[in-house]
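Chain and residue survey
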Amino acid sequence: MRTSDIGPVTFTGKAVGEYDQDRVEAAVRELLLAVGENPDREGLRETPARVARAYREIFAGLYQEPGDVLTTTFDIGHEEMVLVKDIEVYSTCEHHLVPFHGVAHVGYIPGTDGRITGLSKLARLVDVYARRPQVQERLTSQIADALVAELTPRGVLVVVECEHLCMSMRGVRKPGSRTVTSAVRGQMRDVATRAEAMSLVLGR
Ligand SMILES: Nc1nc2c(ncn2[C@@H]2O[C@H](COP(=O)(O)OP(=O)(O)OP(=O)(O)O)[C@@H](O)[C@H]2O)c(=O)[nH]1
Ligand SMILES: [Zn+2]
C-alpha cells in the first residue's frame, strides 16, 4: 500500500500470472468449438492466434503499474488546476468480456511543490487501467488513486462516460445509454473547486 497526503491508496487488478499466448489460442479454439463453429474452416483458421495477439494488447494493462507511465514530471511551480478532457477509453467489461468505450476527463491540482506530469501521461495512465478486465467504477477510482500516489497533488477529479456493449448488443439492449462515474479526491471535494472542474468538463 502507498500513502499520500490525501490518504492511503491500494492498487488491485494486476495480473496474477504471465500472458500465455498458447493457452489463450487454445481457449479461443475451444470456445469456437463450444459455440458450434468449425475452427478449421478457412475464415477461422487463423482466428485463435489472431485473438490471442489482440488480447495481449487489450489486456496489456495487467502487466503495467502507474509508475511505468507517469515517468516524466516537471517542477514548474504551477499550482492551478490541470484538466485533460475527452481522453478516449476502450476497456473490457469483466462481467461479459465485451467492450465498453467512451471518454475520460482527468484533472488534478498540483501539490504545493507545483510538480506536474506530461499531459500524454494522463492518457497513458487511463490506458493502464482500461486495458484490464474492468468495471467502470473501479477504472475511475484507480485512475484517481494512482494520481494521488504518484503526484501527491492537492486534489484529483476523474470523470468517465462510457457506453457498455453488454447493455447495447445483448441483455437489456439499450444502445446509446451512457454511464457516468466520478472519483474526487482531496481539495477537488471543495464545493467551489469541484464546480469549476465540472464546468470545465461539461463546457465542450
Ligand atoms: N456497476 C457496474 N455494472 C456493470 C458494469 N459493466 C456491466 N455491469 C453490469 O453487471 C451486471 C451483471 O449482472 P448479472 O445479472 O450477473 O448478469 P446478466 O444476467 O448477464 O445481466 P444483464 O446484463 O442484465 O442481462 C449487469 O447489470 C451489467 O449491466 C460496470 O462497469 N459497472
Ligand atoms: Zn458487461
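Per an unreviewed UniProt entry, the protein chain goes by GTP cyclohydrolase 1 and derives from Cellulomonas humilata. Per UniProt, the protein chain has the following entry under Subunit (unreviewed entry): "Homopolymer." Its UniProt record, at the heading Sequence similarities (unreviewed entry), says of the protein chain: "Belongs to the GTP cyclohydrolase I family."

Think of interface size as the accessible area that goes away when the parts come together; that is how it is often given. Taken domain by domain, the protein chain consists of domain 1 (21-58) and domain 2 (67-202). Here the C-alpha centre of domain 2 lies 33 Å away from the C-alpha centre of domain 1.

Right, let's get into the UniProt feature "binding site: Zn(2+)" (unreviewed entry) in the protein chain. As annotated in UniProt, the feature "binding site: Zn(2+)" (unreviewed entry) corresponds to C93, H96 and C166 in the numbering used here. A maximum C-alpha distance of 7.6 Å among these annotated residues, which run over 74 residues, shows that they cluster at one spot. Relative to the helices and strands, H96 resides in the loop between β4 (82-93) and β5 (99-109). Those residues in contact with C166 that lie beyond four places of it in its chain are C93, H95, H96, V98 and G171.

Procedures and definitions
Residues numbered from 1 in each chain as written. Chains lettered and ligands numbered in written order. Predicted model: local features only at pLDDT ≥ 70, side-chain atom pairs only at ≥ 80, totals over all residues. UniProt positions renumbered as here; feature names shortened; annotations may be inferred. Domains from an automatic or database assignment. Helix = DSSP H or I, 4+ residues; strand = E, 2+ residues; numbered from the N terminus. Contact = placed C-beta atoms within 7 Å.

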